[in-house]
Amino acid sequence: MIEVTYLKGLFLNRREDLQLRLGDIGDLLEYGTHNLNEVITFTEYALELAITEENFGVKESLFYLIMNAVTFQGIARNVEWDRLANVLPTLDDAILVYALTILGCSKNRKFIKVIEPYLHSPNDDIRQTAAEALVEINYNVEE
């Protein structure tokens, strides 16, 4: 179910199957057709939860479903990603890969300076993802 109230309910009543339910939402985003405005609102709320979440597994599940919204629902240019850009230095490498990819998909040139330092990461995956994100921003930019 792609509704903010459903997601709020999941976090209000945190059960041990929370990650499984978040994965199910990610699958809905991947395989379903949804109202664009609802997906944008849902993604913005999921991002707020993801940024503040302390449990790594839950945080990663939230980023997975955000990534699916970006990839399969095409909302990357419709969401404000500044908060995500601001927290990049605090993210674990596995989640940083999602975040850099999301910022690249936004095609927003203001994120170039935020992404560039990750070209020098000691982690190969981070360096490669940062390079791909920059290519994505610079490729097919709307004129």
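Quantities reported herein were computed from a predicted structural model and do not represent experimental measurements.

The rules behind each value
Residues numbered from 1 in each chain as written. Predicted model: local features only at pLDDT ≥ 70, side-chain atom pairs only at ≥ 80, totals over all residues. Heavy atoms only, no water. Buried < 20%, exposed > 50% of the residue type's maximum accessible area, 1.4 Å probe, protein only. Helix = DSSP H or I, 4+ residues; strand = E, 2+ residues; numbered from the N terminus. Arc of directions from axis to C-beta. Contact = heavy atoms within 4.5 Å. Core = buried A, V, L, I, M, F, W, Y, C linked by side-chain atoms within 4.5 Å.

## Notes on helix α1 (residues 4-12)
Right, on to step 1. Restricting attention to buried positions, one finds in α1 the residues Val 4, Leu 7, Leu 10 and Phe 11. Down the axis of α1, the sector holding all buried residues measures 120°, keeping them to one side. Exposed residues on α1 whose side chains face more than 90 degrees from its buried face are Thr 5 and Leu 12.
Right, on to step 2. Turning to α1, the residues buried within the fold contact α2 (18-31), α3 (36-52) and α4 (56-73).

## Some words on the nonpolar core
Right, on to step 1. Within the largest apolar cluster, 48 residues are counted, with the highest numbers of intra-cluster contacts made by Leu 22, Trp 81 and Leu 84.
Right, on to step 2. Residue assignment for this core shows that the elements contributing at least two residues are α1, α2, α3, α4, α5 (82-87), α6 (93-105), α7 (112-115) and α8 (124-138).
Right, on to step 3. Non-local contacts of Trp 81, meaning those with residues more than four positions away in its chain, are made with Thr 43, Leu 47, Ile 66, Val 70, Ile 75, Ala 76, Ile 102, Leu 103, Ser 106 and Phe 111.

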